[in-house]
Amino acid sequence: MVKEMTAEEVVATMHIGELADRSQMSLRTIRHYDEVGLLKPSGRTEGGFRLYTERDFTRLLVIRRMKPLGFTLEAMAELLRVIDALEASGPGQDDTAIRSELNTFIEEASRRRAKLEEQLGMADEFLALLHAQ
């Protein structure tokens, strides 16, 4: 369910086309993320058009950055849940468990990045071999 937005929030929104341009992602992909519950719009116009905020844009960038590392949609949703929980925790609250979950994501992302770096090195070697022909 989409919450009602204030007038100030509506002014600070963007339609899906602007979100797609800014994020360099396709409309189809953004709509898919909405359909699977990964990135719901913060609001809708009276005509039913999706409205996105800067926070939505930031969340989409998290998703976009996870994609080349091979994270599943479920893992992306889980990381967004962790981020939401961290944002919701107030001063003095014990967020040790949620920080532990975040650290697990950091470790996994680091491992996947190292694997990509290794593959990039192999690609560079391959290109060097081709250029040497």
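Just so you know, these numbers come straight off a predicted model, no measurement behind them. Sequence order as written defines residue numbering, which begins from 1 separately in each chain. Only residues with pLDDT of at least 70 are given local features in this predicted model, and only at 80 or more are side-chain atom pairs given and counted; all residues enter the totals for whole chains, interfaces and linings. Note that the side-chain values use all heavy atoms of the structure and ignore hydrogens as well as water.

Novice: What am I meant to see in the pattern of salt bridges here?
Specialist: Two side chains of opposite charge can pair, provided their charged atoms sit close to one another. Each reported salt bridge corresponds to a side-chain nitrogen of Lys or Arg within 4 Å of a carboxyl oxygen of Asp or Glu. Tallied over the entire structure, the rule returns 14 salt bridges. Here Arg59 makes a salt bridge to Asp84, at a shortest N to O gap of 2.5 Å. Of the two residues, Arg59 sits in helix 4 (residues 54–66) while Asp84 sits in helix 5 (residues 73–88), which places them 25 residues apart along the sequence. Burial here depends on accessible area, computed with a 1.4 Å probe over protein chains only, as a share of the maximum for the residue type. Under 20% is buried, over 50% is exposed, and the range in between is partly exposed. Given the relative accessible area of 14%, Arg59 is considered buried. Using a relative accessible area of 27% as the deciding quantity, one classes Asp84 as partly exposed. In this structure, Glu78 engages Arg81 in a salt bridge whose closest nitrogen and oxygen atoms are separated by 2.5 Å. With a gap of three residues between them, Glu78 and Arg81 both fall in helix 5, about one helical turn apart. Taken together, the shared-partner salt bridges in this structure form one network comprising Asp34, Lys40, Arg44 and Arg50. Numbered from the N terminus, helices here are DSSP runs of H or I no shorter than four residues, and strands are runs of E no shorter than two.

Novice: Just to check I follow, could you spell out the packing of aromatic side chains for this structure?
Specialist: The way to describe two aromatic rings as a pair is by their centre distance and the angle between their planes. In summary, the pairing rule links any two rings of Phe, Tyr or Trp, Trp by its six-membered ring, whose centres are within 6.5 Å, and it sorts them by plane angle into stacked for under 30 degrees, edge-to-face for over 60 and tilted for everything else. Evaluation of the coordinates by the stated rule reveals one aromatic pair. Ring geometry for Phe71 versus Phe105: centroids 6.2 Å apart, planes at 40 degrees, classification tilted. Here Phe71 is found in the loop between helix 4 and helix 5, whereas its partner Phe105 is found in helix 6 (residues 96–131), with 34 residues between them in sequence. Grouping residues by exposure puts Phe71 and Phe105 together as buried. Looking at Arg22, its charged tip hangs above the ring of Phe57, at a distance of 4.1 Å from the centre. Lying over the aromatic face of Phe71, Arg112 brings its terminal NZ or CZ to 4.1 Å of the ring centre. By the criterion adopted, a ring carries a charge over it if an Arg CZ or a Lys NZ lies within 6 Å of its centre and within 35 degrees of its normal.

Novice: So what exactly am I meant to see when it comes to the UniProt feature "domain: HTH merR-type" (unreviewed entry) in the protein chain here?
Specialist: Feature annotation in UniProt assigns "domain: HTH merR-type" (unreviewed entry) to the following positions: residues 13–82. Counted over residues 13–82, helix gives 57% and strand 6%. Its end C-alpha atoms are 24 Å apart. UniProt positions are given in the numbering used here, feature names are shortened, and annotations may be inferred rather than shown by experiment.

Novice: Can you walk me through the packing of helix 5 against helix 6 in this structure?
Specialist: Axes are the key here: two packed helices are described by the angle between their axes and the distance separating the axes. Comment: axis = line fitted to C-alpha atoms, over the contacting stretch for helices; angle = value between 0 and 180 degrees taken between N-to-C directions. Two elements in contact, helix 5 and helix 6, have axes whose closest approach is 10 Å; the angle formed by their N-to-C orientations is 140 degrees. In terms of their interaxial angle, helix 5 and helix 6 are classed as oblique. Every pair of crossing elements has a handedness; the one defined by helix 5 and helix 6 is left-handed. Residue-level contacts link Ala75, Glu78, Leu79, Arg81, Val82, Ala85 and Leu86 of helix 5 to Ile98, Arg99, Glu101, Leu102 and Phe105 of helix 6. In the contact of helix 5 with helix 6, the residues fall into eight nonpolar, no polar and four charged. Throughout, the term roughly parallel applies to angles under 35 degrees, roughly antiparallel to angles over 145, roughly perpendicular to angles from 65 to 115, and oblique to all others. Should the near helix be turned anticlockwise from the far one by less than a right angle, the crossing is termed left-handed; should it be turned clockwise, right-handed. For this analysis, residues touch if any pair of their heavy atoms sits within 4.5 Å. Side-chain classes follow a simple rule in which Ala, Val, Leu, Ile, Met, Phe, Trp, Tyr, Cys and Pro form the nonpolar group, Asp, Glu, Lys and Arg form the charged group, and the remainder, Gly included, forms the polar group.

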